Amino acid sequence: GEDVEQSLFLSVREGDSSVINCTYTDSSSTYLYWYKQEPGAGLQLLTYIFSNMDMKQDQRLTVLLNKKDKHLSLRIADTQTGDSAIYFCADGASKIIFGSGTRLSIRP
Amino acid sequence: DAMVIQNPRYQVTQFGKPVTLSCSQTLNHNVMYWYQQKSSQAPKLLFHYYDKDFNNEADTPDNFQSRRPNTSFCFLDIRSPGLGDAAMYLCATSRGGERDFGSGTQLSVL
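What counts, and where the lines are drawn
Residues numbered from 1 in each chain as written. Chains lettered and ligands numbered in written order. Predicted model: local features only at pLDDT ≥ 70, side-chain atom pairs only at ≥ 80, totals over all residues. Heavy atoms only, no water. Contact = heavy atoms within 4.5 Å. Buried area = accessible area lost by both parts, 1.4 Å probe. Salt bridge = Lys/Arg side-chain N within 4 Å of Asp/Glu carboxyl O. Polar contact = N/O pair within 3.5 Å; in protein donor to acceptor, adjacent residues only side chain to side chain. Helix = DSSP H or I, 4+ residues; strand = E, 2+ residues; numbered from the N terminus. Nonpolar A, V, L, I, M, F, W, Y, C, P; charged D, E, K, R; others polar.

Peer 1: Please give an account of the interface of chain A and chain B that cites residues and values.
Peer 2: Opposite the 21 residues of chain A that make contact, chain B presents 18 residues. Surface buried jointly by chain A and chain B totals about 1,400 Å² across both partners, of which 56% is contributed by carbon and sulfur atoms. Linking chain A with chain B are zero salt bridges, by the criterion used here. At the junction of chain A and chain B, the tally comes to three residue pairs in polar contact (both at pLDDT 80 or more). Counting only elements with at least two residues in the side of chain A that touches chain B, the list comes to β4 (31-37), β5 (44-50) and β10 (97-98) of chain A. The biggest single contributor to the side of chain A that touches chain B is β4(A), with four residues. Of the residues belonging to the side of chain A that touches chain B, the class tally is twelve nonpolar, seven polar and two charged.

Peer 1: Help me get a handle on the side chain of A:Gln6, residues and values and all.
Peer 2: Residue and element names in this part refer to chain A. Considering the arrangement of structural elements, one finds Gln6 in strand β1 (residues 4-6). Polar contacts involving the side chain of Gln6 include one to the main-chain amide nitrogen of Cys89, which spans 2.9 Å. Within the local environment of Gln6, its side chain forms a polar contact with the backbone nitrogen of Gly101, the two atoms lying 3.2 Å apart. Ignoring any residue separated from it by four or fewer positions in sequence, one finds Gln6 in contact with Ile20, Asn21, Cys22, Trp34, Tyr87, Phe88, Cys89, Gly99, Ser100, Gly101 and Thr102.

On their own, these measurements won't tell you what the molecule is for.
Below, the structure is given as structure tokens:
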């Protein structure tokens, strides 16, 4: 079945870049998503990329897609304390399947 | 303005007492999903409707049912809630690449 995998934790220093990685198995994925979830809150769509794209940039966010390797990454430039959250990668081929989430923590 | 609306935001029920969670949308999206999310875990897909076609995930317990009377509304029925069913329940809609989530209903089971 479809599977989406992420590392569980990432710690970065404030002002540095954060890179969160994700791998997926469904080769028919049309869209891939990044969601942010803060404690006790719902899912906030950060960005998504079409499968025929290699890169998408949106202000501090850069998404890279390697379709051959089924690898997706999210780069957050100039990471701030407000970026502390869990980040979910999601595969949206026919239904949305989420990775386990990466908890991003920011060091002063 | 919220476009996927879940009510209530918090729901408390008793062990074994049926409960219904509701979701409505103003987007006219043809697909609607229900997810269960337990603390510090990924949202887990329970089922989804593609238009009127119901699609159940293989590991969704029989205790969970869903209804979609029209395009705008979808309900999650938990027939006999157990303590393990306490979780955040998220509704989502989609059409093509558009994906929208509601703010969720936090269910507590006493």
